[in-house]
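Results of the structural survey
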Amino acid sequence: MPDPRFEIQMLHDRVMIKIVEGGGERRSNAGIVIPATAQVAKRLLWGEVFGIGQHVRTVKVGDRVLLSPDDQYEVEVQGTAYLVMRERDLHAVASERIEHGTGLYL
């Protein structure tokens, strides 16, 4: 008999995020690739929201969020790694519906 499939629902103010590919690697103005392991200061990463708890107010599924790689827990679901963290630990959100943005775009 096959295993039953259970849908994951995030609780409270938790957010499930998938790191955007290449989020840690960057390129200098001269075109030199700087690997994610080369750090001068703590770098923040961009990720995509895949699930939210019922008390999450600011972000929605599909939004891009800016987060610190030190503030989360990692979980693997069907071979894909996701991060789980509190909404208050997110630093920024990039979406089409921002009311008071910075004027910068991804």
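Residues numbered from 1 in each chain as written. Predicted model: local features only at pLDDT ≥ 70, side-chain atom pairs only at ≥ 80, totals over all residues. Heavy atoms only, no water.

As summarised here, the arrangement of the six strands in space is β6-β7-β1-β4-β5-β8, forming an open sheet in which the pairing is antiparallel. Across the chains shown, the open sheet's two edge strands, defined by having one partner strand only, are β6 (73–77) and β8 (92–94). The average angle at which neighbouring strand axes cross in this sheet is 40°, direction not considered. As paired elements, strand β4 (residues 45–52) and strand β5 (residues 64–67) share four bridges and run antiparallel to each other. The residue bridging L45 from the neighbouring strand is L67, located in β5. (Pairing = 2+ DSSP bridges. Helix = DSSP H or I, 4+ residues; strand = E, 2+ residues; numbered from the N terminus. Axes fitted to C-alpha atoms, helices over the stretch in contact; angles between N-to-C directions.)

As enumerated under the stated definition, the model contains two salt bridges in all. The partner of D13 in a salt bridge is R14, with the nearest N and O atoms 2.7 Å apart. A relative accessible area of 18% means that D13 is categorised as buried. Of the residues examined, R14 reaches a relative accessible area of 28% and is grouped as partly exposed. With its nearest N and O atoms 3.4 Å apart, the salt bridge here joins D13 to R86. With D13 in the segment before β1 (14–19) and R86 in strand β7 (residues 80–86), the pair connects residues that are 73 residues apart, well separated along the chain. (Salt bridge = Lys/Arg side-chain N within 4 Å of Asp/Glu carboxyl O. Buried < 20%, exposed > 50% of the residue type's maximum accessible area, 1.4 Å probe, protein only.)

Using the criterion set out here, one finds one aromatic pair in the structure. Here the aromatic rings of F50 and Y82 are separated by 5.5 Å at their centres, their planes lie at 65°, and the arrangement is edge-to-face. Of this pair, F50 sits in strand β4 while Y82 sits in strand β7; the two residues are 32 residues apart in sequence, bridging distant segments of the chain. For F50, a relative accessible area of 38% puts it in the partly exposed group. For Y82, a relative accessible area of 13% corresponds to the buried category. (Phe/Tyr/Trp six-rings, centres within 6.5 Å; stacked < 30°, edge-to-face > 60°.)

None of this, on its own, says anything about what the molecule does.
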